[in-house]
Structure formats: C-alpha cells, structure tokens
Amino acid sequence: MSKPAIVVDHVSILFNLNKEKVDNLKEYIIKVLKRQLHFTEFWALQDINLVVEKGDRVGVLGFNGAGKSTLLKTIAGVLKPTKGSVKVDGVIAPMLELGAGFDTNYSGKENIYLYGATMGYSRKYIESKYDEIVEFSELKDFIDVPIKNYSSGMKARLGFAIASAVEPEVLILDEVLSVGDAKFRKKSENKIRSMFDKGVTVLFVSHSVEQVLRICNKAIILDHGKIIAQGTAEEICKLYQEMTDKK
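1. Regarding the side chain of Asp174
Here's step 1: By secondary structure assignment, the location of Asp174 is in strand E6 (residues 170-174).
Here's step 2: At a separation of 2.7 Å, a polar atom in the side chain of Asp174 contacts the side chain of Ser69.
Here's step 3: With residues near it in sequence (within four places) discarded, Asp174 still touches Ser69, Leu72, Met95, Leu96 and Val205.

2. Digging into the environment of Thr74
Here's step 1: Here Thr74 is to be found in helix H2 (residues 68-76).
Here's step 2: When its relative accessible area of 4% is taken as the criterion, Thr74 is described as buried.
Here's step 3: Considering only alpha carbons, one finds Thr74 and Val86, 12 residues apart in sequence, at a separation of 7.7 Å.
Here's step 4: For Thr74, the residues in contact, after removing those within four places along its chain, are Val11, Ile13, Leu45, Leu79, Pro81 and Val86.
Here's step 5: A polar contact of 2.7 Å, which involves the side chain of Thr74, links it to the backbone oxygen of Thr70.

3. Observations concerning the pattern of salt bridges
Here's step 1: All chains considered together, the criterion is met by nine salt bridges.
Here's step 2: Notably, a salt bridge pairs Glu189 with Arg214, separated by 2.6 Å at the nearest N-O pair. One end of the pair, Glu189, is in helix H6 (residues 182-196); the other, Arg214, is in helix H7 (residues 209-215), with 25 residues separating them in the sequence.
Here's step 3: Within this structure, Lys129, Glu132 and Lys191 form a network of salt bridges that share partners.

4. Points about unusual backbone geometry
Here's step 1: Residues other than glycine seldom take positive phi values, yet His10 does so here, at roughly 50 degrees.
Here's step 2: Relative to the elements of secondary structure, His10 occurs in strand E1 (residues 6-18).
Here's step 3: Positive phi, normally seen in glycine, also occurs at Asp47, with a value near 50 degrees.
Here's step 4: Residue placement: Asp47 occurs in strand E2 (residues 39-52).
Here's step 5: On the basis of relative accessible area, Asp47 is assigned to the partly exposed category, the value being 44%.

5. Digging into helix H3 (residues 108-118)
Here's step 1: Residues of H3 that are buried include every one of Gly108, Asn111, Ile112, Tyr113, Tyr115 and Gly116, and no others.
Here's step 2: Considering only its buried residues, H3 is in contact with helix H4 (123-137) and helix H5 (152-165).
Here's step 3: Gly120 sits one or two positions beyond H3 and adopts a positive phi of about 95 degrees.

6. A look at the packing of aromatic side chains
Two measures describe an aromatic ring pair: the distance that separates the ring centres and the angle between the ring planes.
Here's step 1: For the coordinates displayed, the defined rule picks out seven aromatic pairs.
Here's step 2: A ring pair is formed by Phe102 and Tyr115, whose centres lie 5.0 Å apart and whose planes are at 50 degrees; its orientation type is tilted. With a gap of 13 residues between them, Phe102 in the loop between strand E5 (92-95) and H3 and Tyr115 in helix H3 connect regions that are remote in the sequence. Exposure class is identical for Phe102 and Tyr115. Each is buried.
Here's step 3: On the basis of an interplanar angle of 25 degrees and a centroid distance of 5.0 Å, the ring pair of Tyr121 and Tyr125 is categorised as stacked.
Here's step 4: An aromatic cluster is present here, built from Phe136, Phe160 and Phe184 joined pairwise through their rings.
Here's step 5: Lying over the aromatic face of Phe184, Arg157 brings its terminal NZ or CZ to 5.5 Å of the ring centre.

Criteria and thresholds
Residues numbered from 1 in each chain as written. Predicted model: local features only at pLDDT ≥ 70, side-chain atom pairs only at ≥ 80, totals over all residues. Heavy atoms only, no water. Helix = DSSP H or I, 4+ residues; strand = E, 2+ residues; numbered from the N terminus. Polar contact = N/O pair within 3.5 Å; in protein donor to acceptor, adjacent residues only side chain to side chain. Contact = heavy atoms within 4.5 Å. Buried < 20%, exposed > 50% of the residue type's maximum accessible area, 1.4 Å probe, protein only. Salt bridge = Lys/Arg side-chain N within 4 Å of Asp/Glu carboxyl O. Phe/Tyr/Trp six-rings, centres within 6.5 Å; stacked < 30°, edge-to-face > 60°. Lys NZ or Arg CZ within 6 Å of the ring centre and 35° of its normal.

Have a look at this one:
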C-alpha cells in the first residue's frame, strides 16, 4: 500500500492579533519595550486531522474566515503549525497567491525565470517550458513589458501559466480558477483536469460547488478553523449547499 500524499496530524495555528494601531516601527519598538502592546489570540485552525491519498482530488469548502487559505498555506509549508505536523510525499506545486512572487520592475520574461527558480526549477527546465508558458498566458505582446504595468488579471494569468507548466505530484489550488475572463477560466480548469491523467493529487479551495463537483472526488467543510464534515464530493457539496441556503 502506497504512502498517503498528504497527512495533516492534529494541526492548530495560532495568530496573535494586535489590538492597538501602530503607525511605524519606532512606535512599535517603544510599545514592546514598555510592554504596552496587547494581543488577542486567534486560533485560525484547531486540531485539524486530514489524510489525502495519492490521486485524490479534495475540495475545501467553507465560508469566509473558515481557515481554508490558512490550511493550504500550512500544507504548502508557507505557515508553520503552532501544534501538530504536516507531511507531504511528492513534488508540490502551490498555486496560492498567483504572481505574489513577481518582481514588478522586471519584465514578464524575466519573471518567468525568477518565479520558476523560486519554485525550485533550473533555468534549463524553464527554458524548455518557456514557449508553452507564454502561449498559455496569452501575454506574448506584453512579455517584455515590466510587470508593474500589468493588470492584476495579467499577473494572475502569467503566474498560473508558470505554476501549471511544471509537473507536480501534489497540486494546491486556492481559488486560482477564478482568475481572468470566462474563456481563460475554462482553459485553466481544462489544464488542471489534464493533469489528473498523470495521477496528480489535488487540494482545491473554491466557493463554487459546481466547480468542486467537476474537479473533485472528495471534499471537506471547514468552519471556524475546524473540519465539520468530510466525505465524497457529492455528499459534502449537498451539505454545503444546504448550509449556504440557511445563511
């Protein structure tokens, strides 16, 4: 029996929220030294247990503030658990905040290599994928333009094109299939679906029940940092729809 792709074991994440408004670093340091800073503890995730088998495609549903993005960032290694542990078996490609790693003073072309390097890929590998990335992003006419002149949609399209050009074993998607216009969203979804044939494991946050049903075979519902339901995509989407109707 193969090892699971993802094991989340009793994971909790604590954030300390600053109660006072601090205008600058100097004021912050003075308040720290005088012990005048007061924090509110906020548990973004509470005792999360989740096992994702290889090849599973798990939808993550929940209302705003439920902890969905925090869970994905923790699995991707962006956040460290306050309690518990996360184990991921395989090459992971997190598509969280698309384009967040771009240097706005560099051109689209330069950022393709930069972004690829931050994901751990060699220049030679990115070169082999360069034409595919540019074609998919539909930004050929703007590829030598500095990123600071891109719209947020253009940045997201380029970020998605780079992240989806690699061949991961675990794919983490945080509402990234909502970027761009309807035509690009459909193309993005088709790109993700084409990766399923290679047995990729997917963890997918979306507010769209229809999208989760199209892409996922399993799903969970997060509420106030806790998993309150998990099962097949059909069962969980039906339950989530009922919860949505009651709100």
